[in-house]
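Residues per chain are reported as follows:
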Amino acid sequence: MEAVLQTKGLLSLPSKPKTKAFYPLPHGGLRHRFNSGHSLNTLKPKPLNGLSLSSNGFQKFQCFTTKPQLFGQKDRFSPICKAEAAAAADGQPLFAEKEPPKFMGIELVTLKKIIPLGAMFFCILFNYTILRDTKDVLVVTAKGSSAEIIPFLKTWVNLPMAIGFMLLYTKLANVLSKEALFYTVILPFIAFFGAFGFVLYPLSNYFHPTAFADKLLNSLGPRFLGPIAILRIWSFCLFYVMAELWGSVVVSVLFWGFANQITTVDEAKRFYPLFGLGANVALIFSGRTVKYFSSLRSSLGPGVDGWAISLKAMMSIVVLMGGAICFFYWWVNRNVPLPTRSKKKKVKPNMTTMESLKFLVSSKYIRNLATLVVAYGISINLVEVTWKSKLKAQFPSPNEYSSFMGDFSTATGIATFVMMLLSQWIFDKYGWGAAAKITPTVLLLTGIGFFSLILFGAPLAPALAKFGMTPLLAAVYVGAMQNIFSKSAKYSLFDPCKEMAYIPLDEDTKVKGKAAIDVVCNPLGKSGGALIQQFMILTFGSLASSTPYLGGVLLVIVLAWLGAAKSLDGQFTTLRREEELEKEMERASLKIPVVSQNDNGSGSLSSGSSLNPAGGDSTGASSEPSSPRSL
């Protein structure tokens, strides 16, 4: 008699397994199952295409472990040993592959990716913090400029250059390899920052059109101070824009594009959160670096430009870190194999601005989500620019301003690090709705305190004097707290809440909604606050005169933000419940496989069973025969 355990898509097992002897078969007896020309002695068992046996339905699987032998034959066939049967009963593969080498529980191949990626991310964020603090010092404290330049700079210089860069990047991506594209983009950044510290800034007095800018200011009036200042200090504005582009291009496009290219989904889930914590460590160290070099002025002699020396030192560090980034990128490309990818890709719809607007209007859920994104961009801009104008009044020297920004970056990194550790507890204990409302609540409370100190600082002066502070210094500290807490809440709570809100949506709405928000809401949030400030400055003459109205606008926007978060919380909870209910119904409707008795005494799963171990379509699975195992 012959007993063969056949696997064709669905698993077939004898209903009453018995030990049966195997007799020699003719050479071609199993030719329809095995490759011709192979004898039974040379057959090697093959894995069942990822199929594992559960102990639920086949508890008597170990009955097959008896080793059949014929008289005079020794070890003719390779039976399933009891260890393999026990592993199969626990849901493990029948034949375990050799595990790759590991260090502290992590595969060495994974460490070869993650450690260089973490070092790259640290260097990129270290540079970004130095550049972000330096760009504000340059444009705000420059002679003939003030914080009023920032709204005009973001709208009329930064936004067009960002659009132009993305168009150029798209064309370069079509003609260059990925490695060549990376170097082509990052090397001009490194060269510019090095040249600025050693050439452009020391020679800025020779090519800045100061006299022409003074004539324009006298003829147009002080309300046009911001636009004229862009012309007056154009090289500083170019540095401002390049520093802004470093954050969006090098961090978002180059680094995350490279990380997504070489890591798998499982590695990303495990290690990407650690990159976020590492970014805040970089923020702390770079803040201390800015603080150190900005404090060099006190040790220099009279007549020495301490800010120029500090700038050279910081730009030298930026260049060195840029070289380290290129080295890590080169090393990974030479030593780390790329993971295999599925050829089937999801196509992201290319939506025009009008199509995006129509889709936003048609869905209440997406409208609320868009309100969150736009409200954050506008509100953080309204407070930040007003705060920087008070910061310049308190610290007019570039070194003092830069030193304070170094402390600010360090405090932001520490606060964000702590908030990231607390965010998981907040989500678990209070849920999505409470986490989504924390960021606007923080902005509202600190914004009220900040604008109150600006508008009603004189009556509070005697009380503040007891603490050794003036109303201006108190406004600077409260504004700093507002920026620190709002940014830390944004990184640890707002961004995760925004991404989680897409999860329960159906696939079509999820993809189109994200495309619409990327096309319309992100630019609107970033430039909306700047446009409001430009209107206020041109209408009321200065940023200080428009402060009360900016406070009112901030109050309206944050209240709308809280309303959208409350509405979205109800819809999000409903969709989550529907999703869980659908999952329960699917689990309840799953048919239990029944082993039926065939005429020849062997058993097979019922053809009507919906069980599909391969996780795909049962028809497609049965069309490809699996490798059999003789018992």
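Residues numbered from 1 in each chain as written. Predicted model: local features only at pLDDT ≥ 70, side-chain atom pairs only at ≥ 80, totals over all residues. Heavy atoms only, no water.

Draft legend 1. How the structure looks around the packing of helix α13 (residues 398-455) against helix α14 (residues 457-465). Viewed as axis vectors pointing N to C, α13 and α14 meet at an angle of 100°, and their least axial separation amounts to 6 Å. With respect to α14, the element α13 is oriented roughly perpendicular. On α14, the residues that touch Ser452, Leu453, Ile454 and Leu455 of α13 are Gly457, Leu460 and Leu464. Across the contact of α13 with α14, the residue classes tally to five nonpolar, two polar and no charged. (Axes fitted to C-alpha atoms, helices over the stretch in contact; angles between N-to-C directions. Helix = DSSP H or I, 4+ residues; strand = E, 2+ residues; numbered from the N terminus. Parallel < 35°, antiparallel > 145°, perpendicular 65-115°, else oblique. Contact = heavy atoms within 4.5 Å. Nonpolar A, V, L, I, M, F, W, Y, C, P; charged D, E, K, R; others polar.)

Draft legend 2. Structural detail: helix α8 (residues 234-262). The first and last C-alpha atoms of α8 sit 40 Å apart over 29 residues, in line with the 42 Å expected at 1.5 Å per residue. Remark: the principal bend of α8, roughly 30°, maps to Leu245. Most of α8 sits out of view: 21 of its 29 residues are buried. (Expected span 1.5 Å × (residues − 1). Bend = angle between axes of the 7 residues up to and from the residue. Buried < 20%, exposed > 50% of the residue type's maximum accessible area, 1.4 Å probe, protein only.)

Draft legend 3. Quick look at the packing of aromatic side chains. Per the counting criterion, the structure on display carries 33 aromatic pairs. Aromatic rings pair up to connect Phe189, Phe192, Phe193, Phe196, Tyr201, Phe236, Phe239 and Trp246 into one cluster. Across from the ring centre of Tyr430, 5.8 Å away, lies the NZ or CZ of Lys429, which sits over that ring. (Phe/Tyr/Trp six-rings, centres within 6.5 Å; stacked < 30°, edge-to-face > 60°. Lys NZ or Arg CZ within 6 Å of the ring centre and 35° of its normal.)

Draft legend 4. Spatial organisation of a nonpolar patch on the surface. On the surface, Phe198, Val199, Leu203 and Tyr206 cluster together into a nonpolar patch covering about 450 Å² of accessible area. With respect to the helices and strands, Val199 occurs in helix α4 (residues 178-200). A relative accessible area of 43% means that Val199 is categorised as partly exposed. (Patch = residues over 30% accessible without salt bridge, like charges linked within 9 Å, V, L, I, M, F, W, Y side chains within 5 Å. Areas by Shrake-Rupley, 256 points an atom, 1.4 Å probe, with all protein chains shown as cover. Salt bridge = Lys/Arg side-chain N within 4 Å of Asp/Glu carboxyl O.)

Draft legend 5. The arrangement of the environment of Glu244 in detail. Note on placement: Glu244 falls in helix α8. Glu244 sits 90 residues away from Lys154 along the chain, and the two C-alpha atoms are 9.4 Å apart. Setting aside anything within four residues of it in sequence, one finds Glu244 in contact with Lys135 and Asn158. A distance of 3.1 Å separates the side chain of Glu244 from the side chain of Lys135, its partner in a polar contact. (Polar contact = N/O pair within 3.5 Å; in protein donor to acceptor, adjacent residues only side chain to side chain.)

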